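# Descriptive structure summary
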Amino acid sequence: MLKVENVSKVFRSGAFGGKKAKVIHDVDFEVKPGEVVSLIGESGSGKTTVGRMILRLTSVSGGRITFEDEDISTLRGAGLKSYYRRVQGVFQDPFSSFNPIFKVGRVFRTIRREFLGDLDAAAWEARLTGALNAVGLEVAALDKFPHQMSGGQLQRLLIARALVLDIRLLIADEIISMLDASTRIDVLNLLGDLKRQGLSIIFVTHDLALGNYISDRIIILQKGAIVEMGTTDRVFGDPQHPYTRSLLDAVPHLHERWSDAELKDLGLVADTARFGGHLIEHRKDHLVRVYS
Ligand SMILES: Nc1ncnc2c1ncn2[C@@H]1O[C@H](COP(=O)(O)OP(=O)(O)OP(=O)(O)O)[C@@H](O)[C@H]1O
């Protein structure tokens, strides 16, 4: 579905763009329908730049990106609009996506005007209600101002804004790093639900523990290059690259299960695991609670 083929990125700076910095080196990977792929790496490793290139927010310097067999760099006008109906991004700071002086419903009116002008009022209402319900919000939420909502609710609204379109791929760039533990679980569970409904997700994170929980495949980026890529079980269970190993070593207790006695002491069920220093209770693919 999405193919990122030998992509590189050079940023130019200085007078007349004389200074060049190559920040992405021959990045090559694929995302299949309904697949969650995590891009993991330290700050500055190039995760956001890769996501922005896929979203065409920044250009590609070398290689190419295709979505459903179309080279996205060639898309213009109606073709580009159609692309954004299928591919959308949600970013780290939800507050920055809303203008504080307008009610949050405005972002949905903008989306309708830009992409869904052909829908009549009833079809639009049905679509909007469906998208909001999918993220656990009511239409009444649209009447609030951003400051009247929590970070998690705003993040849900942004996901709903993407869902109101016919998206097939969501780029989720550090979308839970600013949320508190319980809201993180809500948003992760929501992503899990969307994946089960067939949505592909590129989950950008520096947090290996969360990448572990949510992804089918893991891509480890270091200084703009992929150093390791594979199924989540393989990368976490048998890391090949020293950089992956060092990232894993930095996460305490990954994969370590609490003993039954410990769980009993805490009054928890056995289906509980400890990820990255958090104790995560999960049932049937659903996170229930995180204990820090
Ligand atoms: N517009 C730009 N101009 C010049 N350099 C840039 C620009 N955007 C990003 N970079 C550089 O590209 C490199 C990769 O940055 P990027 O934001 O993609 O990394 P990241 O892994 O997403 O980091 P973080 O987790 O901190 O967001 C960094 O060295 C950064 O300084």
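Before reading on, note that the structure itself is shown above.
Below you will find a few notes about this structure. (Residues numbered from 1 in each chain as written. Predicted model: local features only at pLDDT ≥ 70, side-chain atom pairs only at ≥ 80, totals over all residues.)

Our focus in this paragraph is the overall build of the chain. When helices and strands are tallied, the chain shows 10 helices and 13 strands. Within the chain, buried positions represent 36% of all 292 residues. Look at the contacts in the chain between residues 6 or more apart in sequence, and 64% of them connect residues 24 or more apart. (Helix = DSSP H or I, 4+ residues; strand = E, 2+ residues; numbered from the N terminus. Buried ≥ 20, exposed ≤ 12 C-beta atoms within 10 Å, placed from the backbone. Contact = placed C-beta atoms within 7 Å.)

As a further point, take the nonpolar core. Proteins that are soluble and globular tend to have nonpolar side chains buried together. Ranked by size, the top nonpolar core spans 66 residues in total, and within it Ile-54, Ala-172, Ile-202 and Ile-219 carry the most contacts. Here this core takes 7 residues from helix 5 (residues 151–163), the largest share from any one element. Non-local contacts of Ile-219, meaning those with residues more than four positions away in its chain, are made with Phe-29, Val-37, Ser-38, Leu-39, Ile-40, Ile-226 and Met-229. (Core = buried A, V, L, I, M, F, W, Y, C linked by C-beta atoms within 7 Å.)

With a phi angle near 45 degrees, Asn-6 is a residue other than glycine that sits in the positive phi range. Note that Asn-6 resides in strand 1 (residues 2–13). Despite not being glycine, Asp-26 shows a phi value in the positive range, around 45 degrees. Among the secondary structure elements, Asp-26 is positioned in strand 2 (residues 19–31).

This next bit is on helix 4 (residues 121–134). Here helix 4 contains 14 residues, and its C-alpha end-to-end distance of 20 Å stays within 8% of the 20 Å for a straight helix at 1.5 Å per residue. Within helix 4 the residues assigned to the buried category are Leu-128, Ala-131 and Leu-132. Down the axis, helix 4 shows its buried residues gathered within 95 degrees of arc, on one side only. Opposite its buried face, helix 4 presents the exposed residues Ala-122, Ala-123, Ala-126 and Gly-130, each directed more than 90 degrees away. Those residues of helix 4 that are buried lie in contact with helix 3 (106–115) and helix 5. A positive phi of about 80 degrees marks Gly-136, the residue just after helix 4. (Expected span 1.5 Å × (residues − 1). Arc of directions from axis to C-beta.)

Interpretation note: all reported values are geometric properties and have no functional meaning in isolation.
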